[in-house]
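Here is how the chains run, residue by residue.
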Amino acid sequence: MKLAAWLLIACACHAAESYPYWIAPCTSQLARESGCESGDPELAEWALAAWQRASQGSLAVTKSASEEGARIRIYWVPGNQRLYGETHPLLVNGKPGAAIHVRPDLAQLGPDIEATGRKDPLFRHVVVYLTCLHESGHAFGLPHTAQFDDIMYSFAYGGDIVEYFMRYRRRVESRNQIRQHSGISASDQQRLAALFSLPHR
Ligand SMILES: [Zn+2]
């Protein structure tokens, strides 16, 4: 009987919040304009999948059949004033969503980032992946933190920005390993859990 009661409670949990997503393909024209690479949409998908895993069942990200139907839309845009990415809120079929602009050209992100990326192509992929991860965190409703260890840390607090990316870079030996290392801190994960346990979600 105890087991049956436990199962009943387990089944009363919230259904996963569904986030259909759409990611712009990196066409050759877009590559010239923004510095995106053909594999960048996959890095963005890995970032969304990382949040889904961290949510432990609260979030479900699925590929949308159309851009219009997507709650999360990711675009590759030209560099501008050392801005890594931006997230703009959207309302999609009555639900909160976001348009994410990622700037994948390291040459526009300051001399230290550019020089490190030029020596180390994997560092460049790490910057693009972590930018997608940070911006999609905003898309799911996470605000900035002042804790350097968090992916949601804001560069407005200063600190060693190259190290923000390098600490992750040291954990991977190949691009493919990015898929296994989320880059989400324990406190990022706790904040996400708190957000999706709210009754209005
Ligand atoms: Zn941010």
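Each residue is numbered by its place in its chain's sequence as written, counting from 1. Where totals are concerned, whole chains, interfaces and linings use all residues; where local detail is concerned, this predicted model gives features only for residues with pLDDT of at least 70, and gives and counts side-chain atom pairs only at 80 or more. With hydrogens and water stripped out, all remaining heavy atoms of the structure feed into the side-chain values.

1. Comments concerning the nonpolar core
Right, on to step 1. Here, the term nonpolar core denotes a set of buried Ala, Val, Leu, Ile, Met, Phe, Trp, Tyr and Cys residues that are joined through side-chain atoms within 4.5 Å. In this scheme, a residue with accessible area under 20% of its type's maximum is buried, one over 50% is exposed, and one in between is partly exposed, where area comes from a 1.4 Å probe on protein chains only. By size, the foremost hydrophobic cluster in this structure holds 53 residues, and its most contacted members are Trp 51, Trp 76, Tyr 129, Phe 140 and Phe 165.
Right, on to step 2. What counts as a helix is a DSSP run of H or I of at least four residues, what counts as a strand is a run of E of at least two, and both are numbered from the N terminus. Going through the elements one at a time, strand S1 (17-23), helix H3 (40-54), strand S2 (59-63), strand S3 (72-76), strand S5 (95-102), helix H5 (121-139), helix H6 (161-169) and helix H7 (186-196) are the ones with two or more residues in this core.
Right, on to step 3. Here Tyr 129 is in contact with Leu 43, Trp 46, Ala 47, Ala 50, Tyr 168, Ile 178, His 181 and Ser 182, once residues within four sequence places are set aside. By definition, residues are in contact when any of their heavy atoms lie within 4.5 Å.

2. Quick notes on the state of the cysteines
Right, on to step 1. Disulfides are defined as cysteine sulfur pairs within 2.5 Å. Using the criterion set out here, one finds 1 disulfide in the structure.
Right, on to step 2. The disulfide bridge from Cys 26 ends at Cys 36, spanning 2.0 Å between sulfur atoms. Its torsion about the S-S bond being 90°, the disulfide of Cys 26 and Cys 36 is classed as right-handed. Placement of Cys 26 in the loop between S1 and helix H2 (28-34) and of Cys 36 in the loop between H2 and H3 is noted, with a sequence separation of 10 residues between them.
Right, on to step 3. No disulfide involves Cys 132; its sulfur sits 11 Å from that of Cys 36, the nearest cysteine.

3. Some points on the coordination of the zinc ion
Right, on to step 1. Here a donor is any nitrogen, oxygen or sulfur atom (N, O, S) within 2.8 Å of the metal, with 3.2 Å used for Na, K and Ca; water is not among the atoms considered, so some sites may look incomplete. Taken together, His 134 (NE2), His 138 (NE2) and His 144 (NE2) make up the protein donors of the zinc ion, found 2.0 to 2.1 Å from the metal.
Right, on to step 2. Considered as a linear motif, the donors of the zinc ion on their single chain read H-x3-H-x5-H. Note that His 134 is positioned in helix H5 and His 144 in the loop between H5 and H6, a separation of 10 residues in sequence.
Right, on to step 3. Overall, His 144 belongs to the partly exposed group, its relative accessible area being 43%.

4. Some words on the pattern of salt bridges
Right, on to step 1. Every case where a carboxyl oxygen of Asp or Glu lies within 4 Å of a side-chain nitrogen of Lys or Arg is listed as a salt bridge. The tally for this structure, following the rule as stated, stands at 10 salt bridges.
Right, on to step 2. Its salt-bridge partner being Arg 175, residue Glu 42 comes within 2.9 Å of it at the nearest N-O pair. With Glu 42 in helix H3 and Arg 175 in the loop between H6 and H7, this pair connects stretches of sequence that are 133 residues apart.
Right, on to step 3. Connected through shared salt-bridge partners, Glu 37, Asp 40 and Arg 124 make up one network.

5. Things to note about the confidence of the model for the protein chain
Right, on to step 1. The score called pLDDT rates the predictor's confidence residue by residue, from a low of 0 to a high of 100. Of all residues in the protein chain, 91% have pLDDT values of 70 or greater, and the mean over the chain is 92.
Right, on to step 2. Counting contacts from residues 3-12, a segment whose pLDDT is below 50, to residues more than four positions away or on other chains yields 0 contacts.

6. Quick notes on the environment of Ala 70
Right, on to step 1. Along the chain, Ala 70 turns up in the loop between S2 and S3.
Right, on to step 2. The exposure class assigned to Ala 70 is buried, which follows from its relative accessible area of 0%.
Right, on to step 3. Expressed as a C-alpha distance, the spacing of Ala 70 and Trp 22, which sit 48 residues apart in the sequence, is 5.6 Å.
Right, on to step 4. Those residues in contact with Ala 70 that lie beyond four places of it in its chain are Pro 20, Tyr 21, Trp 22, Ser 64 and Val 92.

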